[in-house]
Amino acid sequence: MRLRSGRGLRAPDVVVYPGTHDEVAAVLALCAQEWVAVIPFGGGTSVVGGVEPLRGSFGAAVTLDLARLTGLSALDPHSQLATFAAGTTGPDVERLLGARGLTLGHFPQSFEFSTVGGWAATRSAGQASTGYGRIDALVVALRAATPSGDLATLAAPASAAGPSVRELLLGSEGVLGVITEVTLRVRPRPAEQRYDAYSLPRFAAGTEALRALVQAGAAPDLARLSDEEETRISLALSARPVATRALRAYIRGRGQRPGCLAILGFDGDRGQIAQRRARARSILRRHGTIALGPAPGAAWAKGRFHGAYVRDELLSRGVLVDTLETATSWTALGGLHRDVGMALRDALARRGAPTLVMCHVSHVYPTGASLYFTFLARQQAGAELEQWQAAKTAASEVITGAAATITHHHGVGTDHLPWLATEVGEVGLAALRAVKAQVDAAGIMNPGKLLA
Ligand SMILES: Cc1cc2nc3c(=O)[nH]c(=O)nc-3n(C[C@H](O)[C@H](O)[C@H](O)COP(=O)(O)OP(=O)(O)OC[C@H]3O[C@@H](n4cnc5c(N)ncnc54)[C@H](O)[C@@H]3O)c2cc1C
């Protein structure tokens, strides 16, 4: 938006491409000595300003691009452990594992470009993380270079050896050091994947259905529930209008208004999938769901990584568009959905722009779920960034006021910095800053992000 509104692009002074852990360590040592900021860069897909080349109090900024630090460096199929260099991208992870009949099962929407190191550094969640677990649940061990030396954790399956250094590196967003290697839990590649669509009368009915599924231990691997507005827009934009008209007619014929669409995905062999689907269906039926068959789910799966390309096109055509996400308990979910939606609509409407706010549940847990909002408005010419900031601030204040998390999977970067203390507390923040001071005394690592 800054570029499109003519306010210039922030660029680093130098980009370096180390090819080994030792080269990363050498870059950090040199930058600490020369008083130069270092910005680790994986796929560059951060949506919260994580790779902005900010200099902080330093004279220069070096972007440390991990594009040469790639590949599968160790595999223990017996223990289902795979170690990747941090710059390995999603497609390469799945290609290298797929050749051995394995999968990681981590598919963020940015899958095509994002990297193993970036996932770990941001606590990423993939589209199938309800079943496979978020990246925090898949990372078994990490190796990182810091300005003070190496940090490495064991690949033991569990440990009681005090607070976890692994947990400190997860979500560290490049402010402690550079993750160079990640050991992940992998699984046999599923023989089949099945995406089913369901219609529900209302969003509240849908969230209750998902809660019932996950609390009964019957959650699918992928669970996605669109609210009324998102359902309305996705049906209106369908590439198959005839099929969509038939779908609407079918739902009405079953005595329901087209309310909310849910997509549930199951991985496994044919028998496992059949068994899991049957169990899920019997629970869903009690919540007024109508099964719509595999076609809408297959259409979703086909376009699962396409959203970002639409976003850039919309920005170029004068439409403000962004997303934000949060998570809270099942009890608080309905109220948070209503209040964040209202805050976004109010903030954008106050600036006189026609507005659209949509939401879906993207991940479910036994105790709660995430909400993923997309908001669109006509751009306010000359004040595009201020318009975006007003919407972002309004939503963030509602989220933190409700004791929900400021970010379920995008991370903190620069955008969520003002609200981090509300989530972790002043003492918590001071403790994290003390760790940073220990491993990065000069403060060269990614200044202005996360702990700034
Ligand atoms: C279209 C789109 C869809 C997205 N969908 C999802 C989604 O479904 N789920 C999700 O979780 N996120 C999503 N994101 C956000 C983003 O893709 C994730 O945060 C992702 O994990 C970032 O990975 P990356 O390799 O691109 O990291 P980058 O963007 O390069 O970096 C992210 C942060 O991590 C730091 N970093 C990167 N690599 C390292 C390293 N090796 N060591 C230390 N620090 C490092 C960077 O300095 C930065 O602070 C999406 C983004 C886009 C643009």
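Cut-offs used in this document
Residues numbered from 1 in each chain as written. Predicted model: local features only at pLDDT ≥ 70, side-chain atom pairs only at ≥ 80, totals over all residues. Heavy atoms only, no water. Helix = DSSP H or I, 4+ residues; strand = E, 2+ residues; numbered from the N terminus. Rg over C-alpha atoms; globule rule 2.2 N^0.38 Å. Buried < 20%, exposed > 50% of the residue type's maximum accessible area, 1.4 Å probe, protein only. Contact = heavy atoms within 4.5 Å. Lys, Arg positive; Asp, Glu negative; His and termini not counted. Charge placed at Lys NZ, Arg CZ, Asp CG, Glu CD. Axes fitted to C-alpha atoms, helices over the stretch in contact; angles between N-to-C directions. Parallel < 35°, antiparallel > 145°, perpendicular 65-115°, else oblique. Left-handed = near helix turned anticlockwise from the far one by under 90°. Nonpolar A, V, L, I, M, F, W, Y, C, P; charged D, E, K, R; others polar. Disulfide = S-S within 2.5 Å. Salt bridge = Lys/Arg side-chain N within 4 Å of Asp/Glu carboxyl O. Expected span 1.5 Å × (residues − 1). Pairing = 2+ DSSP bridges. Phe/Tyr/Trp six-rings, centres within 6.5 Å; stacked < 30°, edge-to-face > 60°. Lys NZ or Arg CZ within 6 Å of the ring centre and 35° of its normal.

Caption draft 1: Here's a closer look at the overall build of the protein. Scanning the protein from terminus to terminus reveals 16 helices and 17 strands. In terms of C-alpha radius of gyration, the protein reaches 22 Å, essentially the compact-globule figure of 22 Å for 452 residues. Projected onto its principal axes, the C-alpha coordinates of the protein cover approximately 70 × 60 × 40 Å. Counting only residues that meet the buried cut, the protein has 49% of its 452 residues in that class. A separation threshold of at least 6 residues defines the contact pool for the protein, and within that pool the share at least 24 residues apart is 74%. Computing the positive centroid from 46 side-chain charges and the negative centroid from 38, the protein places the two 10 Å apart.

Caption draft 2: How the structure looks around the packing of helix H13 (residues 330-349) against helix H14 (residues 384-401). Two numbers describe how H13 lies on H14: the axes approach to 8 Å, and their chain directions differ by 155°. Relative to H14, the element H13 is oriented roughly antiparallel. Judged by the sense of rotation from one axis to the other, the crossing of H13 with H14 is right-handed. Residues Leu336, Asp339, Val340, Ala343, Leu344, Ala347 and Leu348 of H13 touch H14, and the partners they reach there are Gln387, Ala390, Ala391, Ala394, Ala395, Val398 and Ile399. Its residues assigned to classes, the contact of H13 with H14 shows 12 nonpolar, one polar and one charged.

Caption draft 3: The arrangement of the state of the cysteines in detail. In the structure shown here, the tally under the stated rule is zero disulfides. With no disulfide of its own, Cys359 lies 10 Å from the sulfur of Cys260, the closest cysteine sulfur. A relative accessible area of 0% places Cys359 in the buried class.

Caption draft 4: Looking closely at the pattern of salt bridges. Per the stated rule, a full pass over the model turns up 23 salt bridges. The partner of Arg2 in a salt bridge is Glu52, with the nearest N and O atoms 3.3 Å apart. Of this pair, Arg2 sits in the segment before strand S1 (14-16) while Glu52 sits in the loop between strand S2 (37-41) and strand S3 (61-65), and the two are 50 residues apart along the sequence. The salt bridge partner of Arg68 is Glu23, with a shortest N-O separation of 4.0 Å.

Caption draft 5: Looking closely at H13. Over its 20 residues, H13 extends 29 Å from the first C-alpha to the last, a length consistent with the 28 Å expected when each residue adds 1.5 Å. Among all positions in H13, only Trp330, Leu333, Leu336, His337, Val340, Gly341, Ala343, Leu344, Ala347 and Leu348 are buried. Taken together, the buried residues of H13 touch helix H7 (203-215), strand S15 (319-329), strand S16 (355-364), strand S17 (368-378) and H14.

Caption draft 6: Up close: the sheet that holds strand S4 (residues 72-76). Ordered by their spatial adjacency, five strands build an open sheet running S4-S5-S9-S7-S8, and the pairing between neighbours is antiparallel. At either end of the open sheet lies a strand with only one pairing partner, and these are S4 and strand S8 (149-152). In this sheet, neighbouring strand axes are inclined to one another by 10° on average, regardless of whether the strands run parallel or antiparallel. Most of the contacts of helix H1 (residues 21-34) go to strand S7 (residues 139-146), to which it runs at about 45°, and overall it touches S7, S8 and strand S9 (178-185). Seen against the sheet, helix H2 (residues 90-98) touches S4 and strand S5 (81-85) and runs at an angle of roughly 140° to S5.

Caption draft 7: Region of interest: the pairing of S8. Of the strand pairs in this sheet, S7 and S8 are connected by four bridges, and their pairing is antiparallel. Bridge pairing in S8 places Ala145 opposite Asp150. Joining the antiparallel neighbours S7 and S8 is a turn of two residues.

Caption draft 8: Representation of unusual backbone geometry in the model. In the Ramachandran plot, Gln80 falls in the positive-phi region, its phi being about 60° despite a non-glycine side chain. By the secondary structure assignment, Gln80 is in the loop between S4 and S5. Since its relative accessible area comes to 28%, Gln80 is described here as partly exposed.

Caption draft 9: Region of interest: the packing of aromatic side chains. Under the criterion given, the structure shown has four aromatic pairs. Ring centres of Phe111 and Phe305 lie 5.4 Å apart, and the angle between their planes is 20°; this geometry places the pair in the stacked category. Linking Phe111 in the loop between strand S6 (102-103) and helix H3 (116-122) with Phe305 in the loop between helix H11 (295-302) and helix H12 (307-316), this pair joins segments that are 194 residues apart in sequence. You'll find Phe111 and Phe305 in the same group, each marked buried. In this structure an aromatic cluster arises from ring pairing among Phe107, Phe111 and Phe305. Of note, Arg304 hangs over the ring of Phe107, and the distance from its end group to the ring centre comes to 5.3 Å.

Caption draft 10: Local environment of the pairing of S7. Across the eight residues of S7, seven count as buried, placing the element largely inside the fold. Summarising the sheet, S7 and S9 pair through six bridges and their orientation is antiparallel. Following the sheet pairing, Ala144 is matched in S9 by Ile179.

Caption draft 11: The sheet that holds S2, seen in detail. In spatial order, the strands read S1-S3-S2; together these three strands make up an open sheet with parallel pairing. With partners counted over all chains shown, the strands left at the sheet margins are S1 and S2, one partner each. Neighbour-to-neighbour, the strand axes of this sheet turn through a mean angle of 25°, independent of strand direction. Examined bridge by bridge, S1 and S3 share three bridges and lie parallel to one another. Paired with Val16 across the two strands is Leu64, which belongs to S3. Packing against the sheet, H1 makes contact with S1, S2 and S3, and its axis sits at approximately 175° to S3.

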